[in-house]
Amino acid sequence: RRFLEALTGDGPITTSPGSGRLELARAITDPARNPFIARVVVNRVWHHLFGRGLVGSVDNFGVLGEPPTHPELLDYLADRFVRGGWSVKRLIRELVLSGAYRMASHAGPEADAADPQNLLLHRMRLRRLEGEAIRDSVLAVSGRLDRTAFGPAVPVHLTPFLEGRGRPKASGPPDGAGRRSVYQSVYRNFLNPFLLAFDTPIPFSTVGRRQVSNVPAQALILLNDQFVHEQAAVWAKAVLARPANGEDRVRGMYVAAFGRPPTGDESAACLDFVKEQAARYARS
């Protein structure tokens, strides 16, 4: 029994009576013997915050992976991470308060020409929302989101198209009881179609960097999915329950959904749409 020979040599791990797994875990997490683990963790956190890791191949730190764009920064952050008690929360706080994280996402033509892939971090990358964040945002906007932390997992909602071996006997509600996506049960053969449409990985193995796609199914599921329809109805009832005129309601909905008020053209388009729909349903 021993750790990787390239890191600790060919000597065996000294074990106490038992399986030796505790000693192996200690060797893996000992920064003096394994400098990679802190770098890998820091790189993954950087990847999620900035859209690309300091090492682009987040799952491969070997000779076939990509070299770090800022090796000194990676080592510096890894050292601070270890000295800070391996606190991911502390690491995230340090990164989001940095000047690099707070940069604008647009830059001048000279900077883009000199660094077209933004490897030197001259601007902030535009990042796609992950499927879980989109689902949680829909619940938050409708007012249905349950922010309670911890608790049992919610059974997956089984649509008529989810058939196969090992199908669960009970189906959960379409909105997952309003719980955040992290609290939804995961069955590898019965995954949430809404999350799959937005590139949530299939949980057969660890995935450090998700695939990013832009396909018609994403727009279609936002138009036709039962979960979206139900949350739209919940939001509509809440909006109509508050006394206000049409313009104020449009403004409030824009602020809730986008974090900003609508422009004049957007407000006019929404009010015209409401009038058109009212006239259409009055004739039916």
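For the structure, check the block above.
### Quick notes on the side chain of Gln184
- Within the secondary structure, Gln184 sits in the loop between α7 (131-142) and α8 (193-197).
- Since its relative accessible area comes to 14%, Gln184 is described here as buried.
- Here the side chain of Gln184 touches Gly176 through a polar contact of 3.5 Å, landing on its backbone oxygen.
- Within the local environment of Gln184, its side chain forms a polar contact with the backbone oxygen of Arg179, the two atoms lying 3.3 Å apart.
- Not counting the four nearest positions on each side in its chain, Gln184 is found in contact with Arg135, Val154, Gly176 and Arg179.

### Points about the pattern of salt bridges
- Across all of its chains, the model carries 13 salt bridges by this definition.
- Arg167 is the salt-bridge partner of Glu163, the closest N and O atoms lying 3.9 Å from each other.
- For Arg167, a relative accessible area of 30% corresponds to the partly exposed category.

### Focus on the environment of Arg128
- Take Arg128: it is sitting in the loop between α6 (109-114) and α7.
- Accessibility expressed as a relative area gives 44% for Arg128, which makes it partly exposed.
- Residues Arg128 and Ser213, spaced 85 residues apart in sequence, show a C-alpha to C-alpha distance of 9.4 Å.
- A polar contact is formed between the side chain of Arg128 and the backbone oxygen of Ser213, at a distance of 3.1 Å.

### Brief notes about helix α11 (residues 246-258)
- Helix length check: α11, at 13 residues, gives a terminal C-alpha distance of 18 Å against a target of 18 Å (1.5 Å per residue), a fit within 8%.
- The N-terminus of α11 is capped by Asn245, whose side-chain oxygen sits 3.3 Å from the backbone nitrogen of Glu247.
- Looking one or two residues beyond α11, the residue adopting positive phi is Gly259, at roughly 75°.

### A closer look at the side chain of Asn34
- Within the fold, Asn34 resides in the loop between α2 (21-28) and α3 (36-50).
- Asn34 gets classed as buried once you look at its relative accessible area, which sits at 6%.
- In terms of polar contacts, Asn34 uses its side chain to reach the backbone amide nitrogen of Phe36, at 3.2 Å.
- Filtering out sequence-adjacent residues up to four positions away, Asn34 remains in contact with Phe3, Leu7, Ala27 and Ile28.

About the thresholds
Throughout, residues of each chain are indexed from 1 in the direction in which the sequence is written. Given that the model is predicted, a residue must reach a pLDDT of at least 70 before its local features are reported, and side-chain atom pairs must reach 80 or more before they are shown or counted; all residues, however, enter totals for whole chains, interfaces and linings. Water and hydrogen atoms were dropped before computing side-chain values, which therefore reflect all heavy atoms in the structure. Numbering of helices and strands runs from the N terminus; a helix is a DSSP stretch of H or I covering at least four residues, while a strand is a stretch of E covering at least two. The rule is simple: take the accessible area with a 1.4 Å probe, protein chains only, and divide by the maximum for that residue type; under 20% is buried, over 50% is exposed, in between is partly exposed. We define a polar contact as two N or O atoms separated by no more than 3.5 Å, with the added condition that, inside protein, one atom must be a possible hydrogen donor and the other a possible acceptor, whereas residues neighbouring each other in sequence contribute only through side-chain atom pairs. Here, two residues are considered to be in contact whenever any of their heavy atoms come within 4.5 Å of each other. Salt bridges are identified by distance alone: a Lys or Arg side-chain nitrogen within 4 Å of an Asp or Glu carboxyl oxygen. Any helix carries an expected span of 1.5 Å times its number of residues minus one.

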